[in-house]
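The primary structure of each chain is shown beneath.
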Amino acid sequence: MQRLSLESTKPSVTSAEAAFDAFKAFFTPKPLKKDPAEKVDLEASEASTPGDGEERTPGRLQAVWPPLKEEKVGLKYTEAEHQAALLQLKRECKEELEKLQEDFGLELSRLRVENQDSCRPSGRAADQTLPDRETFVKTPEDGDGTGRSCTSPQQQKVTPKKLDLASISLSLSAIKWPSTSTSTSTSSSSSFHTRLSSSTTSSSLSGALTVDKPPRKPAVEPSRPMRPLYWTRIQIQDNNNNNTLWNVLEEPDIINTSEFEDLFAKTTTQTKKKPLSEAYEKKAKARKIVKLLDGKRSQAVGILISSLHLEMKDIQQAILTVNHSVVDVETIEALYENRAQPEELEKIKKHYEMSAEEDVKLLDKPEQFLYELSQIPNFSDRAHCVIFQSAFVDGIASVQRKLKTVSSVCEALLESDGVRRVVGLVLALGNHMNGGSRVRGQADGFGLEILPKLKDVKSRDNRISLVDYVVSYYLHNVDKNAGTDKSVFPLPEPQDAFLAAQVKFDDLNRDLRQLGRDLTRCEKDLQKVCSDSPEEHLQPFKDKMEAFVLSARKEHAEASYQLMTVQKSFQDLSLYFGLKPKTGEKDVTAGHFFMLWFEFCADFKTRWKRENKNISKERLKEAQLSVKRITAEKKVETRKINPNSLKERLRQKEANMSSL
């Protein structure tokens, strides 16, 4: 009895509710199935975490497996990608809705045909469940109890024969649709309803549900996929409504559809598929560059190659013809210093001989450059001769210039009358200052070490030094051309004395001996080149280098003789002035001797220039005073003009005529 009472209390399901449930089941998307792997991972993670009853080590992090993926901070998509995704989503929703509408119309028409006779009401039960077509689906305002009867589940599943679309539309419009965020719906179904509600309006939804007739116009099938035109479609169901344009508007026939399709067809990029043979073909491994030199050595040669900006034929031409117009001597010297050593050249040649042509091309650039450089006939000997030619010219010119400077200073100190006058004046003044002294007085000469110290000997009032007095006395009493352009500095130039002080005869001897040894080696290299080189590569190198060797031998001999002469002149000069060598030294050095004269000449010339200007000013003042004195002494007599004279009368007459 209790069971019967419970069954009796259950609400009876009407046919309208059954139809609504069928419609709802047809349009509700199925929930997505969960991945079993996610369930296994979740169970594993739950099993790995300790329970409440397990002991945990304080201050220790519990390991979680699998580790959690860190989410990157920031936007995953750009604004343009987001807008494109939204447009694509709306387009998909719209196409899906149109497809659902079409399927719904086809399903309704199929149900009408199949169930015409099976769902007709008969008898008293039919009157209670389905009294007429207008009340097939009752609205909630009609009451909950009316129109319902206790039916079995088999009867509830029976589909009616023919559905009244008008009554269904009215019923559905009055029914409150359930929310999409119910507890029974899944995340995928809620997102689908959200997209559906955002992309369609209530009018389009009601219009979709009330689709009764197929579209008036036939389907158009282009010959190729076309670009879509995203408009809002309007389909007219009631032909009696003539108030709209779309009811009376007629479409013109497109004359040339192929042209239109060519212009607005979709641009489909077809991916080219590789042939099956290429899929099984093994890719050839990239061959590595062959390096035979050491890393630092290869880097040095590579830097040289990048800095040259020359071709090998230019280098070869410069070496064979001894022509420095394209390749200068500095470049040839760099090539000579970075040339391949015998062991390196042996490795490179062995690689060229033992390897195939393709493997030879894989040789690194520094190795190829050194190999091409070694192919120049007798490159090392020729380059050494060219480099020595330039070095010999510079070296012999430097030796000759130094010897010439020392020789000119020695000659000036030995033969100049001005030097004798100045030294004699210093001797006289020094004997006068040392008068009465038995140690320093009555000297016949003096050591040259005193010359740089004369500037430190001051007068009693500290106004001038002894050098100032010597210069002033010399200009006022010895030099007759003082204060004029004809006045000549009596001592050697300080700059020449300084350059002579930098010369060391031992260094000059060593340089000349080294040049002689290098010249001998150059002769041997020349003989080797002449014997080993082929005839076509022998000239003009042979003639040019032989002429150079002859002239170099002559210049070297002259420089050696000049060195001996200058060295003898310096020894005579040091004896002439009676200069003694420094303590600990055997002979008087050129540096010590000429440095004494450099300091004295520099001090003397500074004061000589200043005193010459003062004398020139004094002489100019004296000339001006003499001119004033002469003009002052000259007397000028003036006479009165007689107004009755002929000259005065003529002058007055001319004045009157000019005034008129």
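Nothing here was measured: the structure is a model prediction, and the numbers come from that model.

A. Representation of the overall build of the chain. Scanning the chain from N- to C-terminus turns up 26 helices and zero strands. Among the 660 residues that make up the chain, the fraction classed as buried is 25%. The long-range fraction of contacts in the chain, counting pairs at least 24 apart against all pairs at least 6 apart in sequence, stands at 78%. For the chain, the computed accessible surface area is about 49600 Å², with 54% contributed by carbon and sulfur atoms.

B. Spotlight on the pattern of salt bridges. Counted according to the given criterion, the structure contains 16 salt bridges. A salt bridge links Asp603 to Lys455, with the nearest nitrogen and oxygen atoms 3.7 Å apart. Remark: Lys455 occurs in the loop between α20 (417-433) and α21 (466-478) and Asp603 occurs in helix α25 (residues 590-633); sequence separation between them is 148 residues. A relative accessible area of 13% means that Asp603 is categorised as buried. The network of salt bridges with shared partners includes Glu107, Arg110 and Glu114.

C. Fine view of a nonpolar patch on the surface. Residues Ile254, Phe260, Leu263 and Phe264 make up a contiguous nonpolar surface patch of about 420 Å² in total accessible area. When you line up the elements, Leu263 lands in helix α11 (residues 257-264). On the accessibility criterion, Leu263 (59% relative accessible area) is exposed.

D. Spotlight on a negative patch on the surface. Together, Glu92, Glu95, Glu96 and Glu98 line one region of the surface with negative charge. Mapping Glu96 onto the fold places it in helix α4 (residues 79-114).

E. Molecular detail of the environment of Ser472. By the secondary structure assignment, Ser472 is in helix α21. For the pair Ser472 and Ile615, spaced 143 residues apart in sequence, the C-alpha separation works out to 9.4 Å.

F. View of the packing of aromatic side chains. Per the counting criterion, the structure on display carries 18 aromatic pairs. Look at Phe505 and Phe570: their rings are 5.7 Å apart centre to centre, the planes differ by 45°, and that puts the pair in the tilted class. Remark: Phe570 occurs in helix α24 (residues 541-576) and Phe505 occurs in helix α23 (residues 505-532); sequence separation between them is 65 residues. The exposure classification of Phe505 matches that of Phe570, with both residues buried. Taking 5.4 Å as the distance between ring centres and 65° as the angle between the ring planes, the aromatic pair formed by Phe577 and Trp597 counts as edge-to-face. Of this pair, Phe577 sits in the loop between α24 and α25 while Trp597 sits in helix α25; the two residues are 20 residues apart in sequence, bridging distant segments of the chain.

G. Representation of the packing of helix α15 (residues 329-337) against helix α19 (residues 379-415). One way to put it is that α15 packs onto α19 with a least axis distance of 10 Å and a crossing angle of 140°. When the axis of α15 is compared with that of α19, the two are oblique. With respect to the hand of their crossing, α15 and α19 are arranged in left-handed fashion. Contact residues: α15 offers Val329, Ile332, Glu333, Leu335 and Tyr336, while α19 offers Phe379, Ser380, Ala383, His384, Val386, Ile387 and Ser390. A class-by-class count of the residues in the contact of α15 with α19 yields eight nonpolar, three polar and one charged.

H. Quick peek at unusual backbone geometry. Along the chain, Gln539 connects to Pro540 via a cis peptide bond; the corresponding omega equals 5°. Relative to the helices and strands, Pro540 is located in the loop between α23 and α24. Phi angles above zero are rare outside glycine, and His309 is one such case at about 60°. You can see His309 is positioned in the loop between α13 (295-308) and α14 (312-321).

I. Summary view of a positive patch on the surface. Together, Lys609, Lys613, Lys617 and Lys621 make up a positively charged patch on the protein surface. The residue Lys621 is located in helix α25 in this model.

J. Focus on helix α16 (residues 342-354). Between its first and last C-alpha atoms α16 spans 18 Å; for 13 residues at 1.5 Å apiece the expected length is 18 Å, and the two agree. For α16, the complete set of buried residues consists of Glu344, Leu345, Ile348 and His351. Mapping the buried residues of α16 onto a view down its axis gives an arc of 125°, with all of them on the same face. Counted as exposed and oriented over 90 degrees from the buried face of α16: Pro342, Glu346, Lys350, Glu353 and Met354.

K. Broad picture of the packing of α20 against α21. At a closest axis distance of 11 Å, the pairing of α20 and α21 adopts a crossing angle of 120°. One element, α20, and the other, α21, form an angle in the oblique class. Of the two possible hands of crossing, α20 and α21 adopt the one that is right-handed. Within the contact between the two elements, α20 uses Gly418, Arg421, Val422, Leu425, Val426, Leu429 and Met433 and α21 uses Leu466, Tyr469, Val470, Tyr473, Tyr474 and Val478. Residue composition of the contact of α20 with α21, by class: 11 nonpolar, one polar and one charged.

L. Summary view of the nonpolar core. Residues Phe369, Leu413, Leu491, Phe593, Phe594, Trp597 and Phe604 are the most contacted members of the largest nonpolar core, which totals 88 residues. The leading source of residues in this core is α19, at 14 residues. Those residues within four positions of Leu491 in sequence are excluded, and the remaining contacts are Val419, Val422, Trp597, Phe600, Cys601 and Phe604.

M. Summary view of the side chain of Glu648. Looking at the secondary structure, you find Glu648 in helix α26 (residues 646-659). Beyond its immediate stretch of four places on either side in the chain, Glu648 contacts Ile641, Asn642 and Pro643.

N. Spotlight on the side chain of His556. Within the secondary structure, His556 sits in helix α24. A residue is classified by how much of its surface remains accessible, and His556, at 14% relative accessible area, is buried. In contact with His556, other than residues within four places in its own chain, are Phe392, Ile396, Leu512, Leu515 and Gly516.

O. Broad picture of the environment of Val326. Position of Val326 relative to the elements: it lies in the loop between α14 and α15. Taking relative accessible area as the criterion, Val326 reaches 53% and is therefore assigned exposed. For the pair Val326 and Asp314, spaced 12 residues apart in sequence, the C-alpha to C-alpha distance is 7.2 Å.

P. Quick look at the confidence of the model for the chain. In the predicted model, the chain carries a mean pLDDT of 74, and 68% of its residues have values of at least 70. Segment residues 34-55: pLDDT under 50, and five contacts once partners within four positions in sequence are set aside and those in other chains are kept.

Q. Quick look at the state of the cysteines. Applying the stated criterion across every chain yields a total of zero disulfides. Unpaired in terms of disulfides, Cys385 finds its nearest cysteine sulfur in Cys522, a separation of 3.9 Å. Note on Cys385: relative accessible area 0%, which makes it buried.

What counts, and at which threshold
- Residues numbered from 1 in each chain as written.
- Predicted model: local features only at pLDDT ≥ 70, side-chain atom pairs only at ≥ 80, totals over all residues.
- Heavy atoms only, no water.
- Helix = DSSP H or I, 4+ residues; strand = E, 2+ residues; numbered from the N terminus.
- Buried < 20%, exposed > 50% of the residue type's maximum accessible area, 1.4 Å probe, protein only.
- Contact = heavy atoms within 4.5 Å.
- Areas by Shrake-Rupley, 256 points an atom, 1.4 Å probe, with all protein chains shown as cover.
- Salt bridge = Lys/Arg side-chain N within 4 Å of Asp/Glu carboxyl O.
- Patch = residues over 30% accessible without salt bridge, like charges linked within 9 Å, V, L, I, M, F, W, Y side chains within 5 Å.
- Lys, Arg positive; Asp, Glu negative; His and termini not counted.
- Charge placed at Lys NZ, Arg CZ, Asp CG, Glu CD.
- Phe/Tyr/Trp six-rings, centres within 6.5 Å; stacked < 30°, edge-to-face > 60°.
- Axes fitted to C-alpha atoms, helices over the stretch in contact; angles between N-to-C directions.
- Parallel < 35°, antiparallel > 145°, perpendicular 65-115°, else oblique.
- Left-handed = near helix turned anticlockwise from the far one by under 90°.
- Nonpolar A, V, L, I, M, F, W, Y, C, P; charged D, E, K, R; others polar.
- Expected span 1.5 Å × (residues − 1).
- Arc of directions from axis to C-beta.
- Core = buried A, V, L, I, M, F, W, Y, C linked by side-chain atoms within 4.5 Å.
- pLDDT = per-residue confidence, 0-100.
- Disulfide = S-S within 2.5 Å.

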